[in-house]
Amino acid sequence: MTTFTSSLPDQLLQKLSEAAQRLNIPKNKLIEKALEIYLDQLTRAEYVKSYSQAGQDESIAEIVEAGMNEYMAQLNEEGEAR
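Rules of the game
Residues numbered from 1 in each chain as written. Predicted model: local features only at pLDDT ≥ 70, side-chain atom pairs only at ≥ 80, totals over all residues. Heavy atoms only, no water. Helix = DSSP H or I, 4+ residues; strand = E, 2+ residues; numbered from the N terminus. Rg over C-alpha atoms; globule rule 2.2 N^0.38 Å. Buried < 20%, exposed > 50% of the residue type's maximum accessible area, 1.4 Å probe, protein only. Areas by Shrake-Rupley, 256 points an atom, 1.4 Å probe, with all protein chains shown as cover. Lys, Arg positive; Asp, Glu negative; His and termini not counted. Charge placed at Lys NZ, Arg CZ, Asp CG, Glu CD. Salt bridge = Lys/Arg side-chain N within 4 Å of Asp/Glu carboxyl O.

A. Structural detail: the overall build of the protein. Looking only at helices and strands, the protein features three helices and zero strands. The helix and strand sequence of the protein, counted from the amino end, reads α-α-α. For 82 residues, the compact-globule estimate of 2.2 N^0.38 gives 12 Å, and the protein exceeds it by more than 25% at 24 Å. Taken along its principal axes, the extent of the C-alpha atoms in the protein is 65 × 35 × 25 Å. When the 82 residues of the protein are sorted by exposure, 5% land in the buried category. By element, 55% of the accessible surface of the protein is carried by carbon and sulfur atoms, the whole surface being about 7,800 Å². In the protein, which carries 8 positive and 14 negative side-chain charges, the distance between the mean positions of the two groups comes to 19 Å.

See below:
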């Protein structure tokens, strides 16, 4: 594990200390978990943005529609086979 040193505003450091004490975990573990959650949220936001942009692309919409038509045909075939 690598050591990282940073500065925080006094008010934020106070909130961090209080939360760590309340949760009974070390401050560095609380920061680690919070950073993991935040970075995950950033990644999810990037996916949402890319899907939103893809949804506005006509060629991608055509590909999706063709794929859905094929999927529905497969479902119908399976239903008829039963």
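B. Structural view of the environment of Arg22. Position of Arg22 among the secondary structure elements: in helix H1 (residues 10-23). When the C-alpha atoms of Arg22 and Gly67 are compared, they prove to be 51 Å apart, with 45 residues separating the residues in sequence.

C. Structural view of the pattern of salt bridges. Following the criterion strictly, the structure yields two salt bridges and no others. Between Glu32 and Lys29 there is a salt bridge, and its shortest N-O distance comes to 3.7 Å. Placement of both Glu32 and Lys29 in helix H2 (residues 27-55) is noted, with a separation of three residues, approximately one turn of the helix. Classification of Glu32 as partly exposed rests on a relative accessible area of 33%. Put simply, Asp40 and Arg44 hold a salt bridge, and the shortest N to O gap is 2.8 Å. One end of the pair, Asp40, and the other, Arg44, are both in helix H2, four residues apart, so they sit about a helical turn from each other.

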